[in-house]
Amino acid sequence: MKPPRPAEFKGPAAPARDVADGHTADRPREAEGNATSAHEQRLAEVVAEMTDQITAGQSVDLDAVCREHPELASDLRDLWGAILVTDATGAVREEAPKASNTPRWRGLRLPMVVGDYELLEEVGRGGMGVVFRARQISLNREVAVKMILRGRLASDVDLQRFLAEAGATARLEHLNIVPVYEVGDVEGRPFFSMQYVRGETLADRLIEGPLPQRDAAQIIATVARAIDFAHRRGVLHRDLKSSNILLARDGTPMVTDFGLAKETGNAESLTHSGMLVGTPAFMSPEQAGGQGGEVGPASDIYSLGCVLYHALTGRPPFVADSPMLLVLKVLEQDPTPPRALRPTLDRDLEMICVRCLQKPADLRYASAGQLADDLEAFLRDERILARSGRFTQVVVRLFRETHHAVVLENWGLLWMWHSLVLLVACSLTWVMQQADVTSRMAYETLWIVGLGAWATVFWMLRRRMGPVTFIERQVAHVWGASMLGVALLFPLEWWLDLPVLRLSPMLGVIAAMVFLIKAAMFNGSFYLQAVALLGTAVWMAADPTHAHLGFGIIAAICFFVPGLRYHRRRLRRSRSDR
Amino acid sequence: MAKSFWPQSDQTAELLVGAKQGNDDAVNRLLEKHRGPVRKLVQMRLDRKVQQRVDVSDVVQEVMVEASGRLQDYLKNPAMAFHLWLRQIAWDHMIDTYRRHRVSAKRNMDREQAMALPAGADESTFELAGQLCDPSKTPQQIAAQRELASHVEAAIHQLGDQDREIVMMRHYEHLSNLEIAEALQLNPPAASMRYLRAVRRLRQLLEEQSKDDSERLEIS
């Protein structure tokens, strides 16, 4: 069966504006007879309404509409099938596989001479362009020529930058880096020529299954050395993946496509997923999410870890149905431990792999050279470096920021205000307690009305700063829950016949819970706040007279310190953005 | 099945507010969110022959650049919904592109082969619709669907420019009657009337097609 031909619609042959004048031509016909024209107009409106519904994805009960407009029934029944069919066609068309993005190179008749090169056959096609086996005419040597798709480089400035960058990588001379011979452009279309390597890519090899572990370690160690060489000359690869590692006939691994994946504006790389960056499966979190993290040598180390993982288990660390989901996994999930997929795998090798795949860049190897050292140590059955950092790494990970912490920059100033409000509320409570106020209503008004009003203001201030993210909604819910808890303390005291303020130590417990949750969401250092507040709760029970003042001070500090820190960070960032 | 062609409008509204307040991030996100749809629109509506000569990405890029340049003017005086405004820019660019490449495109059009119609499709349009809408699809069904779709597309192709335009806006871009009225600068009743006429002609063409097919069957 053949897929639908791309419809040969004549496209915008009739510009909208010219058409817009057309409706004056409709008028005389409408004037033919008032009765028919009223009927027609009525029919047109009902049809428009029904069509609106189906184009919005709702279903329409034709019989019901016909009962409602019996005078239009026969016309409606006559037309409705055609409308449904047309609409379904539009939908089918959308699902149909998109035409290739590379129409211009598609129908290339080979061999064909482009500049100094005679293109002989197409050997590969990637997100960036098409690779040909070619003959360089002037030197009469076999080369690979990669034609870059113009669409990948948005502007001339991009093109210039690409050429400059590719030129820099061309100067890398290393046994395990595919040498670039020439960078240039033909008819505004950038290309570069490089050594033609006979062999296969690591990705091709891995289709048959994972590699023996020592082979994998050897290949990645060699590649890591080459990458280290490039890093020391200031060149990042940025798009390391199994398909960018060529295995020559004699087994020598060679890295190709250096520095070609340009700095990818992250949101954009998502929408163009599968083009600019190929698959995000080998991309580091800082490349995938780009919040705060700088793309640097550590990003290549992460990608090397992915390649190692792929070589050892036969699949990349993260697999998902769509690039978007994949990116979320790269940002948020830890990969399945390699030994879960391949139980016979050496524990040390797994550790090396996991060390590369750490989400925070500073927890990975400090350099590709270190990774190579460790892999070579493994091959010599020596003690590896990755093993040493195990326990401290767990602790460090526990206490560091998560990638959601950026959200807190929106909240810094508000947290500082919040600390003030808490301090005021607690001090007032303390003063009232000292003055022997025993009315439950007085305290309840202070806490429920006062804090409730502040919560509303807080949320409105936050809303004004821009769209509220999903994670912030979660925090808002946690806060809401804590407010409920606090508000319920007073009725409970009354219900249990306890003296007023007897349940106040619970304030500490509730606040500690909030920080415990926030520690998991944002920043491990909040565990400290949680502990401090729990301690406060105990102390409040022991010393009820000063309990509220103490709680107010501790809670205020708990909010003020991170508030100040994140507010400052926001200021720094907005300054550097400018 | 939600068939929104353009991004969700509440979020767009939020971003527009942000853009108006001078939030660059909002501007970027707004344009970025619409890039995909614009691309789809260009792929769908720009003449195929012209598409072989220009990169869709280049057209999309031109559109996005112009949109970002004119965005502030738009925000000061938003005469129509944002996606319709953007669509208008895209449309103008497609017309320009078409005019620039029309001559060379025509040359190839002459060599175009007639569209082969699948035989044996004498079902009523209702049955066709049933088949096209069936959500559980086997590969054979999908193939059949595509065949039917090409049938309908052939009919759409035979429509006059004005009729084809409104049918495609309706069913390919999923625009509502109001949006179409806005985009074509008509009043809504006139837009609905134009659509009614287009659908009538389309229905007639579909009927003739299936009659032709069944006659062909009888002869053979």
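The structure this text deals with has already been given above.
The text that follows walks through the structure, step by step, so that each part is easy to find. (Residues numbered from 1 in each chain as written. Chains lettered and ligands numbered in written order. Predicted model: local features only at pLDDT ≥ 70, side-chain atom pairs only at ≥ 80, totals over all residues. Heavy atoms only, no water.)

1. A few points about the overall build of chain A
Heads up, the rule is: Runs of H or I in DSSP of at least four residues are treated as helices and runs of E of at least two as strands, each being numbered from the N terminus. Accessibility here uses a 1.4 Å probe with only protein chains present; expressed as a share of the type maximum, an area under 20% marks a residue as buried, one over 50% as exposed, and anything in between as partly exposed. Under the convention used here, a 1.4 Å probe and the Shrake-Rupley method define accessible areas, while residue burial counts only the protein chains that appear.
If you tally the helices and strands in chain A, you get 24 helices and nine strands. Burial statistics for chain A: of 578 residues in total, 49% are counted as buried. In the structure as shown, chain A presents an accessible area of about 27600 Å², 58% of it carried by carbon and sulfur atoms.

2. A short note on the pairing of strand β8 (residues 245-248) of chain A
Residue and element names in this part refer to chain A. Our working rule: The pairing criterion for strands is at least two bridges between them, as found by DSSP.
Side-chain alternation along β8 places Ile 245 and Leu 247 on one buried face and Leu 246 and Ala 248 on a second face that is also buried. Alignment of strand β7 (residues 199-201) against β8, held across three bridges, turns out to be antiparallel. Across the sheet, Glu 200 pairs through a bridge with Leu 247, a residue of β8. With three bridges joining them, β8 and strand β9 (residues 253-255) adopt antiparallel strand pairing. If you follow Leu 246 over to β9, its bridge partner there is Met 254. Where β8 hands over to β9, the hairpin turn is made up of four residues, of which Gly 251 adopts a positive phi near 95°.

3. So, the packing of helix α9 (residues 213-232) of chain A against helix α16 (residues 368-379) of chain A
All names here are of chain A. Rule in force here: Axis definition: a line fitted to C-alpha atoms, limited for helices to the stretch in contact. Angles are taken between N-to-C directions and run from 0 to 180 degrees. Orientation labels follow simple angle bins: below 35 degrees gives roughly parallel, above 145 gives roughly antiparallel, 65 to 115 gives roughly perpendicular, and whatever is left gives oblique. Handedness of a crossing is defined here by the sense of rotation of the near helix relative to the far one, left-handed for an anticlockwise turn of less than a right angle and right-handed for a clockwise turn. Two residues qualify as a contact provided that any one of their heavy atoms is within 4.5 Å of a heavy atom in the partner residue. Only Asp, Glu, Lys and Arg are considered charged, only Ala, Val, Leu, Ile, Met, Phe, Trp, Tyr, Cys and Pro nonpolar, and every remaining residue, Gly among them, polar.
Running from N to C, α9 and α16 point in directions that differ by 155°, and their axes come no closer than 8 Å. Taken together, the axis directions place α9 and α16 in an arrangement best described as roughly antiparallel. For the crossing formed where α9 meets α16, the hand is left-handed. Here α9 contributes Gln 213, Arg 214, Ala 217, Gln 218, Ile 220, Ala 221, Ala 224, Arg 225, Ile 227, Asp 228 and His 231 to the contact with α16, which in turn contributes Ala 368, Gly 369, Leu 371, Ala 372, Asp 373, Leu 375, Glu 376, Phe 378 and Leu 379. Of the residues contributing to the contact of α9 with α16, the split by class is eleven nonpolar, four polar and five charged.

4. Brief notes about the packing of helix α2 (residues 24-45) of chain B against helix α4 (residues 56-76) of chain B
Residues and elements named next belong to chain B. It is at 9 Å that the axes of α2 and α4 come closest, and there the two elements cross at 140°. Judged by the angle between their axes, α2 and α4 are oblique. In terms of crossing hand, the pair formed by α2 and α4 is right-handed. Seen from α2, the contacting residues are Val 27, Leu 30, Leu 31, His 34, Arg 35, Val 38, Arg 39, Val 42 and Gln 43; seen from α4, they are Val 56, Ser 57, Val 59, Val 60, Gln 61, Val 63, Met 64, Ala 67, Ser 68 and Leu 71. Residues of the contact of α2 with α4, tallied by class, amount to twelve nonpolar, five polar and two charged.

5. A word on the pattern of salt bridges
The line we're drawing: Salt bridge criterion: a side-chain nitrogen from Lys or Arg within 4 Å of a carboxyl oxygen from Asp or Glu.
Per the counting criterion, the structure on display carries 28 salt bridges over all chains. For Glu 40 of chain A, the salt bridge goes to Arg 200 of chain B, with nearest N and O atoms at 3.1 Å. In this pair, Glu 40 of chain A is assigned in helix α3 (residues 34-55) and Arg 200 of chain B in helix α10 (residues 188-219), connecting two distinct chains. On the accessibility criterion, Arg 200 of chain B (29% relative accessible area) is partly exposed. In this structure, Arg 205 of chain A engages Glu 200 of chain A in a salt bridge whose closest nitrogen and oxygen atoms are separated by 2.6 Å. Taking the relative accessible area as the measure of exposure, Arg 205 of chain A reaches 28% and is therefore partly exposed. According to the relative accessible area criterion, Glu 200 of chain A is partly exposed, its value standing at 27%. A cluster of three or more residues bridged by salt bridges with shared partners is formed by Glu 121, Arg 133, Glu 142 and Arg 198 of chain A.

By themselves, these are just geometric observations and shouldn't be taken as functional.
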